[in-house]
Amino acid sequence: MSAIDFSDPATIALLTEALTAAGVDGLEISRPGGQLLIVVAGKGGARVSSSEATPRAPGSASAVVKAPMAGRFCVEHPAASAAPQKLPRSVSDADIVGFIGVGHILLPLRAGRSGVLTRLLAEPGAPVGFGDPLFEIELQP
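So, a few notes on the structure that sits alongside this text.

About the criteria used
Residues numbered from 1 in each chain as written. Predicted model: local features only at pLDDT ≥ 70, side-chain atom pairs only at ≥ 80, totals over all residues. Heavy atoms only, no water. Core = buried A, V, L, I, M, F, W, Y, C linked by side-chain atoms within 4.5 Å. Buried < 20%, exposed > 50% of the residue type's maximum accessible area, 1.4 Å probe, protein only. Helix = DSSP H or I, 4+ residues; strand = E, 2+ residues; numbered from the N terminus. Contact = heavy atoms within 4.5 Å. Expected span 1.5 Å × (residues − 1). Pairing = 2+ DSSP bridges. Phe/Tyr/Trp six-rings, centres within 6.5 Å; stacked < 30°, edge-to-face > 60°. Salt bridge = Lys/Arg side-chain N within 4 Å of Asp/Glu carboxyl O.

1. Digging into the nonpolar core
Line of reasoning, step 1. Core analysis: the biggest nonpolar cluster contains 26 residues, and Phe73, Ile100 and Leu134 have the highest contact counts within it.
Line of reasoning, step 2. Listed by contribution, the elements that provide at least two residues to this core are α1 (9-22), β2 (34-41), β8 (96-102), β9 (105-110) and β12 (133-139).
Line of reasoning, step 3. In this view, leucine 134 contacts Val64, Val65, Lys66, Ala67, Phe73, Ile100, Leu109, Arg119, Leu120, Leu121, Ala122 and Val128; residues no more than four positions away in its chain are not counted.

2. Side note on unusual backbone geometry
Line of reasoning, step 1. The omega torsion of the bond from leucine 87 to proline 88 falls at 0°, within 30 degrees of zero and hence cis.
Line of reasoning, step 2. The residue proline 88 is located in the loop between β6 (71-74) and β7 (89-91) in this model.

3. Remarks on α1
Turn by turn, an α-helix covers 3.6 residues, leaving residues three or four places apart pointing in a common direction.
Line of reasoning, step 1. Under the 1.5 Å per step criterion, the end-to-end length of α1 is 20 Å for 14 residues, consistent within 8% with the ideal 20 Å.
Line of reasoning, step 2. The set of residues buried in α1 consists of Thr11, Ile12, Ala13, Thr16 and Leu19.
Line of reasoning, step 3. Taken from the residues just after α1, glycine 23 is the one with a positive phi, measuring 75°.

4. Some remarks on the sheet that holds β8
Within a beta sheet, neighbouring strands are joined by backbone hydrogen bonds and run either parallel or antiparallel to one another.
Line of reasoning, step 1. Here four strands make up an open sheet; going across it, the order is β9-β8-β6-β11 and the pairing antiparallel. Each edge of the open sheet carries a strand with a single partner, namely β9 and β11 (127-128).
Line of reasoning, step 2. Bridge analysis of β8 against β9 gives six bridges, and the strand direction is antiparallel. What sits directly across from phenylalanine 99, in β9, is proline 108.

5. Examining the packing of aromatic side chains
Line of reasoning, step 1. Evaluation of the coordinates by the stated rule reveals one aromatic pair.
Line of reasoning, step 2. Between phenylalanine 73 and phenylalanine 135 the ring centres are 5.5 Å apart and the planes differ by 75°, which places this aromatic pair in the edge-to-face class. One end of the pair, phenylalanine 73, is in strand β6; the other, phenylalanine 135, is in strand β12, and 62 residues separate them in sequence.
Line of reasoning, step 3. Judged by relative accessible area, phenylalanine 73 falls into the buried class, the value being 0%.
Line of reasoning, step 4. Take phenylalanine 135: its relative accessible area is 1%, and that puts it in the buried class.

6. Details of the environment of glycine 71
Line of reasoning, step 1. One can find glycine 71 in strand β6.
Line of reasoning, step 2. Given the relative accessible area of 1%, glycine 71 is considered buried.
Line of reasoning, step 3. Residues glycine 71 and proline 9, 62 residues apart in the sequence, show an inter-C-alpha distance of 4.7 Å.

7. Notes on the pairing of strand β5 (residues 62-66)
Line of reasoning, step 1. The buried count for β5 comes to four of five residues, which makes it a mostly enclosed element.
Line of reasoning, step 2. Pairing geometry for β5 and β12, over five bridges, is antiparallel. Of the residues in β12, the one forming a bridge with lysine 66 is proline 133.

8. Topic: the pattern of salt bridges
Line of reasoning, step 1. Enumeration according to the criterion identifies one salt bridge in this entry.
Line of reasoning, step 2. For glutamate 136, the salt bridge identified is with arginine 119, shortest N-O distance 3.3 Å. Taken together, the positions of glutamate 136 in strand β12 and arginine 119 in strand β10 (residues 115-120) put the pair 17 residues apart, joining distant regions of the chain.

9. Description of the pairing of β12
Two faces belong to every sheet, and in a regular strand the side chains alternate between them.
Line of reasoning, step 1. With five bridges connecting them, β10 and β12 associate as antiparallel partners. Note on β12: the bridge partner recorded for glycine 115 is leucine 139.

Okay, here's the thing in C-alpha cells:
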C-alpha cells in the first residue's frame, strides 16, 4: 500500500468533500513532515488551520506568510472585480492577503503580522504545498 500524498490538492479536495458528505466535523493528520487540519463548519463551509506569518530569522525585520495546506495559490479572490492590489502595501495582522484554492473551496490567508506586504514568493495560480512561502511582510516596529 502506498502512502497518501497530502501535498496533492486533488487529495485534499477529495478528503474535504468526503468529510462534508459524511457529516464529519473535521480531520487532523500529523506526521514528521507536516500537519494537515481540515475543519468542516456548518454554514460557513470548510476551513483549514489558519496560516501564520513566521519570522525569517531572529532579529529579522521581515516575516514570511506560508501556505497552511496544499492547493492553488490565488492573490485575489477569483470573483473580485476590483483591480489587483499592487505591492508594496500596508497590511494588519487580520487582513486577508490571498487565498488557497482546493477544488471548489477557497480558503483565505491572513497576514498574521502587521507591516508592509513587500513581495510575492509564489506565482499566482501556481500549485503550492504545505509550508511553501507565499508572501514577505516587512514588520513595523
